[in-house]
Amino acid sequence: PLSRFTPRVGGGSAFFVRHHSHAMKYTFTFFVLGLLLLTSCGSRDERLSKKLIGTWTTDDGSEVWIVSENGSFDARWTKVVEDIKRSYVFQGIWEVRDGALVETITNRSSIGFTNIAPVGTVVRSHICRLNSAQMTLEMDGQTNHWERKP
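Below you will find a few notes about this structure. (Residues numbered from 1 in each chain as written. Predicted model: local features only at pLDDT ≥ 70, side-chain atom pairs only at ≥ 80, totals over all residues. Heavy atoms only, no water.)

Quick look at the overall build of the protein now. Counting its secondary structure elements, the protein contains one helix and eight strands. Ordered by position from the N terminus, the helices and strands of the protein form the series α-β-β-β-β-β-β-β-β. When the 150 residues of the protein are sorted by exposure, 25% land in the buried category. In the protein, of all internal contacts separated by at least 6 residues, the share reaching a separation of at least 24 is 33%. Approximately 10,900 Å² of the protein is accessible, and the part contributed by carbon and sulfur atoms is 58%. (Helix = DSSP H or I, 4+ residues; strand = E, 2+ residues; numbered from the N terminus. Buried < 20%, exposed > 50% of the residue type's maximum accessible area, 1.4 Å probe, protein only. Contact = heavy atoms within 4.5 Å. Areas by Shrake-Rupley, 256 points an atom, 1.4 Å probe, with all protein chains shown as cover.)

As structure tokens, this is what we get:
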């Protein structure tokens, strides 16, 4: 019987409604908004990742960067400076995390350089602009512009 759920003193109802504080009223709303924010960040990273896949080159063509769908990259730079050929090759893995490009170097080689980043270096670049034709990345105050190669 419902009487076992009612107070013994002063009568009462089995359908007692307790008043909630303002914080409790909005907890569900904040929870839903938080979930929406988390899922929208993930989908933004996915959209940026899809746009990033392809072959990119610098304005002067000295560097070519191939970004593969499987999460690997291959970056090559060659330039002749004072009649000396200088070049480097970096290979590694990449991902877009929280709107930034995160690269980890897994292999490297160079000619004419002694101070290139070692294997295991993680580089994080802010993606300033990325569309089907152009990309602008910023890292440590330095901005680099890339164009998609057909």
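To continue, consider the sheet that holds strand S1 (residues 54-58). Taken in spatial order, the eight strands close into a barrel running S1-S2-S3-S4-S5-S6-S7-S8, and their pairing is antiparallel. Across the sheet, the mean angle from the axis of one strand to that of its neighbour is 30°, orientation sign disregarded. (Pairing = 2+ DSSP bridges. Axes fitted to C-alpha atoms, helices over the stretch in contact; angles between N-to-C directions.)

Moving on, we come to the nonpolar core. Formed by 20 residues in total, the largest nonpolar core has its most connected members in Leu52, Trp65 and Met135. In terms of residue count, the dominant contributor to this core is strand S4 (residues 84-97) (four residues). Setting aside anything within four residues of it in sequence, one finds methionine 135 in contact with Leu52, Trp56, Trp65, Arg129, Leu130, Asn144, His145 and Trp146. (Core = buried A, V, L, I, M, F, W, Y, C linked by side-chain atoms within 4.5 Å.)

If you walk through the whole model with that rule in mind, you get three salt bridges. Its salt-bridge partner being lysine 79, residue aspartate 60 comes within 3.6 Å of it at the nearest N-O pair. In this pair, aspartate 60 sits in the loop between S1 and strand S2 (63-67) while lysine 79 sits in strand S3 (residues 72-81), placing the two residues 19 residues apart along the sequence. Its salt-bridge partner being aspartate 74, residue arginine 76 comes within 2.7 Å of it at the nearest N-O pair. (Salt bridge = Lys/Arg side-chain N within 4 Å of Asp/Glu carboxyl O.)

Purely spatial values, then, with no claim about function.
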